[in-house]
Amino acid sequence: MVFKWLFFSCRCPSCFYNLINLFCELTCSPHQVHFLNVTKTIPYYDPVTKENKTSITELEYYIGESFANAMYNACKDVEAPSSNDKALGLLCGKDVKDCNATNWIQYMFSKENGQTPFSIIPFFSDISLHGMSPMNNATKGCNESTDDVTGPCSCQDCSIVCGPKPEPPPPAAPWLLLGLDAIYVIMWISYMGFLLVFFAVIFGVWCYRKRHFVSEYTPIDSNIAFSVNSRHDSGEASCGERLGERFENCLRLTFMSWGAFCVRNPRPVVLFSVVFVAMCCSGLMYIKITTNPVDLWSSPNSQARKEKQYFDTYFGPFFRTEQLIIRAPHSKPHIYSPYPSGNDVPFGPPLDKDILYQVLDLQNAIENITASYDNETVMLKDICLAPLAPYNNNCTILSVLNYFQNSYSVLNHSVGDEFFVFADYHTHFLYCVRAPASLNDTSQLHDPCLGTFGGPVFPWLVLGGYDGENYNNATALVITFPVRNYYNDTHKLMRALAWEKEFISFVKNYQNPNLTISFSAERSVEDEINRESKSDIYTVVISYAVMFLYISLALGHIKSCERFLVDSKISLGIAGILIVLSSVACSLGIFSYFGIPLTLIVIEVIPFLVLAVGVDNIFIIVQAFQRDERLPGETLDKQIGRILGDVAPSILLSSFSETVAFFLGTLSTMPAVRTFSLFAGMAVFIDFLLQITCFVSLLGLDIKRQERNQMDILCCFKGGEEERVQPSESILLLFFKDIYSPLLLKDWMRPMVISLFVGILSFSIAVAHKVEIGLDQSLSMPDDSYVMDYFNYLSKYLHAGPPVYFVLEKGHNYTSLEGQNMVCGGVGCNNNSLVQQIFSAAEIDSYTRIGFPPSSWIDDYFDWVKPQSSCCRVYNTSGQFCNASVVDISCVRCRPLTQEGKQRPQGEDFMKFLPMFLSDNPNPKCGKGGHAAYSSAVNFINNNSVGATYFMTYHTVLKTSADFTDAMKKARMIADNITETMGIKEQNYRVFPYSVFYVFYEQYLTIVHDTIFNLCISLGSIFLVTTVLLGFEVWAAMVVSITIAMILVNMVGMMWLWGISLNAVSLVNLVMSCGISVEFCSHVTRAFTVSTKGSRSERAEEALSRMGSSVFSGITLTKFGGIVVLFFSKSQIFQIFYFRMYLAMVVLGATHGLIFLPVLLSYIGPSVNKAKTRAAQERYKGAFPMKTSSSSSSSSSSSEKTCTDQQDHLYLQT
């Protein structure tokens, strides 16, 4: 007992001084007669001296109460670094919180501790008692030096030196106005202000119109409402208008010529397209799919990725984890009553001995699991983490049973007589949870607590469901099998994966009615995601099949049942779909050529995106032809060329805007977003190229087939006589033209629309900051996955979070006193040293999320090398290390028991003894050996200097993405502060924290910035491209950008309403929604800019009538059917991030593009381009020669109206 206490107390010289005083006065003081009273003796015969002697069996020791309290106060804060606990808790017989000066000394002097040879009864008093004068020697406080050489105790071991316990900063006060969330109040006031101004303007305009009209029934004056034919005197076109008209005309003529060429030469065009697709798709032979989560979510240049690389390089990759959480639902708690005295101690259900037997059976069975890989047998011992190998090949198993060395006999060990049990597994358990690094408990059992692998088993890692630090109340057991990781050795990694597969199969099939087991292996998450992907493939296939069926049937205008197969366009629809899918395959193939791997997000999302873009364009082209009437003398190729000249600029506008926006999205630092943007941009661009080449040629062939009355699909059969395809208008077009558009753009409807959409926008802005950040890992699992139970148990029962390593990069000088003081936490160390700052952070764990003091190799090394301990010894003949357990007279202390020897080793001495410490295995004579605990914590440079090192602790329990992100943020803050206080920033090395989850959660530190950056880049590119391709219509491009921005903001508001968090998956969807929104907005806007109607309302109505039906049928209806199918997916991630976001994407896009945008254009749309108007008149005159002047005035009037309608119809085929 004395040896153990001296071993720990030497960390604090004052505590050591006082304790030595207590025992020296007991054993060899010349004044013993004043404070020692022998009360019981027994005679015995000494065979050596052959004399009869007396042996003491009981002694009274009178101790000054002031001395006892002072000694306790000097020792109460002393740490045991290897166990992350107070040293006092190891040898007080009670928990630290229940220990005081009296019961501590009583326990040390009691025979019940199994260490004291006879009973010593202490009496505490500062005055004479029973005729005795208590020993009341002078003491040293922990903040005092014991001599001129040794300093006071460290801050870590003496709270007085530290000052008051650090207090976490108060949480940021919520920003409130009028007692409510400030953002809510601001947006409400802004919305009310907008409504006030908006309706005031509306009322003002209405009054203005009333003053200029005779009555509300009088037609509007022609100066206010005008048409193309009434604008001859409206002034000259500006330079910008002329430039825009020329650019527009150039595009129209280019696409007109190209369309005619494709129709005249369908076979070469189709053949060339097929060859191009085949060449691109040949790259699929080199396709690589990235499934490594690190590559998916972390940029190679990110801070976490670089730190992970540094850690793996110097300390090896973090181990793989196989873990079980075990409950005993049918067992009940039981009470342990210590004998002969002590309070009753309740024990949780899984700590019943019978349950522990069964758990040990399970643990042994897992150790004996045999797997096979490449004709090799693989067992746990072949792949496990064995820190003492080759001296000790026992696997690291973090289990409560390792307190009993995984042995049935140790678990059964008890001491007692025929009437009472003095000590059993309960006693040993209660001791080990306080001293997990002990090699000999203080009970009568004298069993070790150290695990068979040579390291301590901390109770918070192996027990769950307890309250406070009452480990005996645990309701769950946690067993963890660390397995070595092999990033750069595929063969060894596959061996580990093979064993994990057998482990999963074994535990799944394990039957024990008394145990409830939830478990996970390192490969479990990836396995379950793959299983989920395979199970959802049918859902995805059905989703796309529904969309394909709709497209194939919706393209044709069926006039009668007899002409169903003649007028249908099933084959053309299938061809269009194949073109869309080919563009996706080409994109994958092209980048596979260059070795760029794709991800599951690319495979799942891009077909949906390109289908939306491609199908919309298909509907626009086909429906434009179906509504067009062939001009007199016009051939089919010229007609399609003319139609393509009208609609292709609109298609180019949307496709090129999306392409540029996606390619600029590759500027993102997030690999998932960057990869998606790269593949999506190329797929959209290739889709556009194939549609204006291959699809136009196929359309020409299909029309010829229809004019010859050949049946669709069965083209060898005819359905009747040949006839020219007549223009027709679908029911949807008539609905938009005759009902929907006039209703939407009525004077009383438009203010309501603006008010509603601005209200929705205000709401979305108000709740945007409430959207959660992160991705709950349980969402990536199928509902029926065994890992779901594990995740639930993990958050419910675990009491420690992931390990965190504070890494001090190479470059630090550990051999100098100054360098040591910057790092260590013992005597003489700086109060703001590395270890001390981590210790202080653990004091306010609720704020810092650092749960425990760090394991400090340098402090344990200093304790190990001190001459007061028996750890550091060498053979006096060879100078080689001599383990403390070796009994040999030639083994001498490493350092002399002098003032100089008691000081810390520096210079060559530091490096001389450090390798010995790191190779020393713990043993009963010296529990400080660093081989098991620290062999991987110190990296040597050329075996003559210390390189990178780490100091390990644990985070607190982390349950949500916000917890993980905050833990990483706080750990980095602590490390940055350590780097700054050490003053090493200018020396090109630093301190950084590393935990295995940082590389996945770092993205959430910047996810908001990344989201804003990506969406702003996309919006900016869309604005620039739209400005150019609309013929330099800057205001029209601004209106499009504003509408798309509203859609994106409303998407964020919807995410809050629907409980969708912001992460890489949802960011990809937001970027994709930006692209799809272009489809909803650009076509209507371009139709508005080329319209020659008189007022903005009329132009908006015409644009919506012409383009609304194509956009609605091409995107909204197509996607809606496919999206609904996703609702039935078993995958939570599909239901949340695909079904919900895709549905919101389509609904918000359609409502903004087909409701809000036309109304907005009717208010603030750009004015008519004079140059385009006059160009339209010239084209009209060429297409419809005017009658001679002999025509009657009535005919002229009628002709003028017809002329205007036909002209508008001709120019607005889009």
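Just above, that's the structure.
Residues numbered from 1 in each chain as written. Predicted model: local features only at pLDDT ≥ 70, side-chain atom pairs only at ≥ 80, totals over all residues. Heavy atoms only, no water.

It is worth spelling out the sheet that holds strand E1 (residues 36-46) at this point. The 3 strands are arranged E1-E2-E5 in an open sheet whose pairing can be described as mixed. Strand pairing shows two members of the sheet lacking a second neighbour, E1 and strand E5 (119-124), which therefore form its edges. Taken pair by pair, the neighbouring strands of this sheet meet at an average axis angle of 25 degrees, ignoring direction. Bridge count between strand E2 (residues 51-63) and E5: 6 bridges; the pairing is parallel. Bridge pairing links Tyr62 to Phe123 in E5. Running over the sheet, helix H2 (residues 13-28) touches E1, E2 and E5 and is turned about 140 degrees from E2. Of the strands in this sheet, E2 and E5 are in contact with helix H5 (residues 101-108), which crosses E5 at around 160 degrees. (Pairing = 2+ DSSP bridges. Helix = DSSP H or I, 4+ residues; strand = E, 2+ residues; numbered from the N terminus. Axes fitted to C-alpha atoms, helices over the stretch in contact; angles between N-to-C directions. Contact = heavy atoms within 4.5 Å.)

Within the structure shown, the criterion is met by 25 salt bridges. Close ionic contact of Arg750 with Asp747 constitutes a salt bridge, the shortest N to O distance being 3.0 Å. You can call Asp747 partly exposed: its relative accessible area is 47%. Between Lys970 and Asp966 there is a salt bridge; the shortest N-O distance is 3.2 Å. One end of the pair, Lys970, and the other, Asp966, are both in helix H34 (residues 961-982), 4 residues apart, so they sit about a helical turn from each other. Where salt bridges share partners, they join Glu307, Glu809, Arg972, Arg990 and Glu1002 into one cluster. (Salt bridge = Lys/Arg side-chain N within 4 Å of Asp/Glu carboxyl O. Buried < 20%, exposed > 50% of the residue type's maximum accessible area, 1.4 Å probe, protein only.)

This paragraph deals with the packing of helix H21 (residues 600-627) against helix H40 (residues 1132-1164). Axis separation between H21 and H40 bottoms out at 13 Å; the angle between their running directions is 20 degrees. As summarised for this structure, H21 and H40 are arranged roughly parallel, according to the angle between their axes. Note that H21 runs across H40; the crossing there is right-handed. Residues Ile601, Glu604, Val605 and Phe608 of H21 pack against Phe1134, Tyr1138 and Tyr1142 of H40. In the contact of H21 with H40, the residues fall into 6 nonpolar, no polar and 1 charged. (Parallel < 35°, antiparallel > 145°, perpendicular 65-115°, else oblique. Left-handed = near helix turned anticlockwise from the far one by under 90°. Nonpolar A, V, L, I, M, F, W, Y, C, P; charged D, E, K, R; others polar.)

Right, let's talk about the packing of aromatic side chains for a bit. In this structure the tally under the stated criterion is 62 aromatic pairs. With a centroid separation of 4.0 Å and an interplanar angle of 15 degrees, the aromatic rings of Trp460 and Phe852 are classed as stacked. Taken together, the positions of Trp460 in helix H16 (residues 459-462) and Phe852 in the loop between helix H29 (845-848) and helix H30 (857-865) put the pair 392 residues apart, joining distant regions of the chain. Residue class for Phe852 comes out buried when judged on its relative accessible area of 14%. Centroid distance Phe964 to Phe997: 4.9 Å. Interplanar angle 75 degrees. Geometry classified as edge-to-face. Within this pair, whereas Phe964 is found in helix H34, its partner Phe997 is found in the loop between strand E23 (991-994) and helix H35 (998-1001), the two being separated by 33 residues in sequence. Phe997 shares its class with Phe964; the two are buried. Three or more aromatic residues joined by ring pairs make a cluster, and in this case those are Phe311, Phe315, Phe318, Phe319, Tyr805, Tyr950 and Tyr994. For Lys970, the ring lying beneath its charged end belongs to Tyr847, and the centroid distance is 4.0 Å. (Phe/Tyr/Trp six-rings, centres within 6.5 Å; stacked < 30°, edge-to-face > 60°. Lys NZ or Arg CZ within 6 Å of the ring centre and 35° of its normal.)

Scope: geometric values only; no functional claims are made or implied.
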